Structure formats: structure tokens, C-alpha cells
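# Results of the structural survey
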Amino acid sequence: MKKSENLKESLKVLKSDSEYRCDKCRDMTFIIDDGVAIPCECRALREAEEILKRSGISSEFRNKTFDNFNYLNDVQVMEAYKVARGYVRDFERIEKSRNNSIMFMGQVGCGKTHLSLAIANTLMDRGVGVLYMGYRDSVVRIKQNIMDQAYYHREMNRYKNCRVLLVDDLFKGSITGSDVNVMFEIVNYRYFNGLPVIVSCEKGVEGILDIDEGVGSRLVEMCKERCVEIRGKKLNYRVYG
Ligand SMILES: Nc1ncnc2c1ncn2[C@@H]1O[C@H](COP(=O)(O)OP(=O)(O)OP(=O)(O)O)[C@@H](O)[C@H]1O
Ligand SMILES: [Mg+2]
Ligand SMILES: [Zn+2]
């Protein structure tokens, strides 16, 4: 390689200003001012991107918002919408309280996941970290790797310790004892440590308690007046929306 080409190669490593996403701080997210490091104005944006990346929420799910949720067709759906709105309004105040969670239950296709995601998206826009857990896939993955202790603990710790956990489609499909054990470990930990959950589930309170009273009664206590149950085949938005 000629000397000039060598130099060209090494210059590629030193990015030009325009290659940085933020020219002000050259992507360091802080600026040295008079010998003191001060946060750059791009930091909040980068933090928001990081929260989103870690949430596991896809761009399709990012589009589920309060703005594109139609609550005018039915009183139960309107009530669910109101409870969801109240939850995000009060989140910071209730986060550390015993009753800091919310659960949408019942009819298939009535918007349980949509409302759960509308909450998650609003909280993330405010800088609150949320982790999405698709119940079926996550539990299958955890069980497949149950012999791999390091993996098991890493996965479980993510679900146990994230600031807000969204459990989508809790207890969907046929349920075994080890499925219940996985959920119990996560829910019990969050219950004891006062960490909020957002849950969507086809079963009602009775159904969840029938599957496991330990998991069910803890969730009911964490959600209390925010246990929202929707009933009626006509409310399947996929069919009648
Ligand atoms: N009130 C609504 N306004 C606008 N879109 C809605 C509404 N209800 C549901 N949808 C849309 O209909 C589809 C089904 O809703 P969603 O997935 O939230 O239902 P679900 O109650 O979670 O169903 P499942 O029990 O099958 O998981 C989604 O695309 C959702 O965005
Ligand atoms: Mg759903
Ligand atoms: Zn910057």
C-alpha cells in the first residue's frame, strides 16, 4: 500500500464532523466547558433511544397509542381507556406505592394489548424504561434454556428488575407447572420490591386465580381498582372494528 493510501485509511478512523450524529459533542453526550463536563443537549434524545432499544418494543408496537385508540363505541372500552389514561397521569405519584400496576383482561381483540402499549409508549416518551415480555415466547425461551444457569438468571433478572414490566398475553395457551413457576418467580419478586407491571390477559380474575392463586392474588393486589375486565364478543376489534 502506498503511503498516501495509508494516510487515507487512517483518516477514515477520524470521523469528519458530519459523520457524528451530534457535532456539538462528537457523540460523547457531554461537553467540556471550562474544565467541567456538562451534559450535551443531545443526551435526553440518546437516553430515549436507549430506553426504546432495550424495551423490545417494535416499530409496529410503537404505533399503538392513545391517539389512535377509538373509545367511543362502547362503555366498557371507554372505561378501560379512562383507567389507562389515569394510570399514566398518576404514574410517578403511585410508582412506589403498593398499588402501582394495571391489568387488562377478557375478550379477544378488544384492545388489551393496544392499551398496554399506549401506556408503555407514553411512559417511554417520558424517560421511564419499560420492558416488553410476550408471555408465551418468553416463557418457552426461558424453559428451553433452564439448564443454562447463566442465561436463566440473566433473563429472569431482566424481567424481575426492569422499572416497568409489560406482560402481554399472560397464561396464553396450555399451562404447565414450570410455566407457573417462572411467572411466580417474576411476579413475586416485583410484588416484594414494589415494581409495577402492566398485564394483558384473556382470562378474567377468576380464571387467573384458578390457574395459580399465588400469581393471581399478587397481581390483583398490585392492580386493585385497575383490574379492567372487558366482556362481549362484539368488542373484538379485529372482526367488528
Ligand atoms: N378501540 C380501538 N381503537 C383502535 N384500534 C383498536 C381498538 N381496539 C383494538 N384495536 C386494534 O385491533 C387489533 C387488536 O387489538 P389488540 O391486539 O389490542 O387486542 P387484544 O385485546 O390484545 O387481543 P388478544 O386477546 O387476542 O391479545 C390491534 O391492531 C389494535 O390496534
Ligand atoms: Mg393482546
Ligand atoms: Zn451532543
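Our subject is the structure listed above.
Counting restarts for each chain: residues are numbered from 1 in the order of the written sequence. Chains carry letters from A onward and ligands carry numbers from 1 onward, assigned in written order. This being a predicted model, a pLDDT of at least 70 is required before a residue's local features are given, and a value of 80 or more before pairs of side-chain atoms are given or counted; all residues contribute to the totals for chains, interfaces and linings. To get the side-chain values, take all heavy atoms of the structure and skip hydrogens and water.

## Thoughts on the packing of aromatic side chains
Pairing of aromatic rings covers Phe, Tyr and Trp, the last through its six-membered ring, and needs centres within 6.5 Å; plane angles under 30 degrees mean stacked, over 60 mean edge-to-face, and all others mean tilted. Inspection of every chain in the model, using the stated rule, returns seven aromatic pairs. Where Tyr135 meets Phe171, the ring centres are 5.9 Å apart and the plane angle is 80 degrees; that geometry is what we call edge-to-face. Linking Tyr135 in helix α6 (residues 135–144) with Phe171 in the loop between β5 (164–168) and α8 (177–192), this pair joins segments that are 36 residues apart in sequence. Owing to a relative accessible area of 0%, Tyr135 belongs among the buried residues under this scheme. Any Lys NZ or Arg CZ that is within 6 Å of a ring centre and within 35 degrees of that ring's normal is treated as a charge sitting over the ring. Looking at Arg158, its charged tip hangs above the ring of Tyr159, at a distance of 5.6 Å from the centre. The ring of Tyr191 has Arg218 sitting right over it, with the charged end atom 5.4 Å from the ring centre. Helix and strand assignments come from DSSP, with helices taken as H or I runs of at least 4 residues and strands as E runs of at least 2, each series counted from the N terminus. Between buried and exposed lies partly exposed: a residue is buried under 20% and exposed over 50% of the maximum accessible area for its type, with that area taken using a 1.4 Å probe on protein chains only.

## What about the pairing of strand β7 (residues 227–230)?
Residue alternation in β7 divides its side chains into a buried set, Val228 and Ile230, and an unburied set, Cys227 and Glu229. Any two strands between which DSSP finds at least two bridges are classified as paired. The sheet contact formed by strand β3 (residues 102–106) and β7 spans four bridges and is parallel. In the sheet register, Phe104 faces β7, and the bridge partner there is Val228.

## Concerning the coordination of the zinc ion (ligand 3)
Taken together, the protein ligands of the zinc ion (ligand 3) are Cys22 (SG), Cys25 (SG), Cys40 (SG) and Cys42 (SG), with distances of 2.3 Å. Each metal's donors are the N, O and S atoms found within 2.8 Å of it, except that Na, K and Ca use a 3.2 Å limit; water is left out, so coordination can look incomplete. Only two sets of limits are used to name each site, 85 to 135 degrees for every angle of a tetrahedral four-donor site, and over 155 degrees for opposite donors with all other angles from 65 to 115 for a square planar four-donor or octahedral six-donor site, with any other site named irregular. Here the zinc ion (ligand 3) binds four donor atoms, and the angle range of 103 to 113 degrees at the metal identifies the geometry as tetrahedral. Considered as a linear motif, the donors of the zinc ion (ligand 3) on their single chain read C-x2-C-x14-C-x1-C. Of this pair, Cys22 sits in the loop between α1 (3–13) and β1 (30–33) while Cys40 is found in the loop between β2 (36–39) and α2 (43–55), placing the two residues 18 residues apart along the sequence. Like Cys40, Cys22 is buried.

## Here's the deal with the pairing of β3
In terms of residue burial, β3 counts as a mostly covered element, since five of its five residues are buried. Bridge count for β3 against strand β6 (residues 197–201) is four bridges, and the pairing is parallel. From the neighbouring strand, Phe104 faces β6, where its bridge partner is Ser200.

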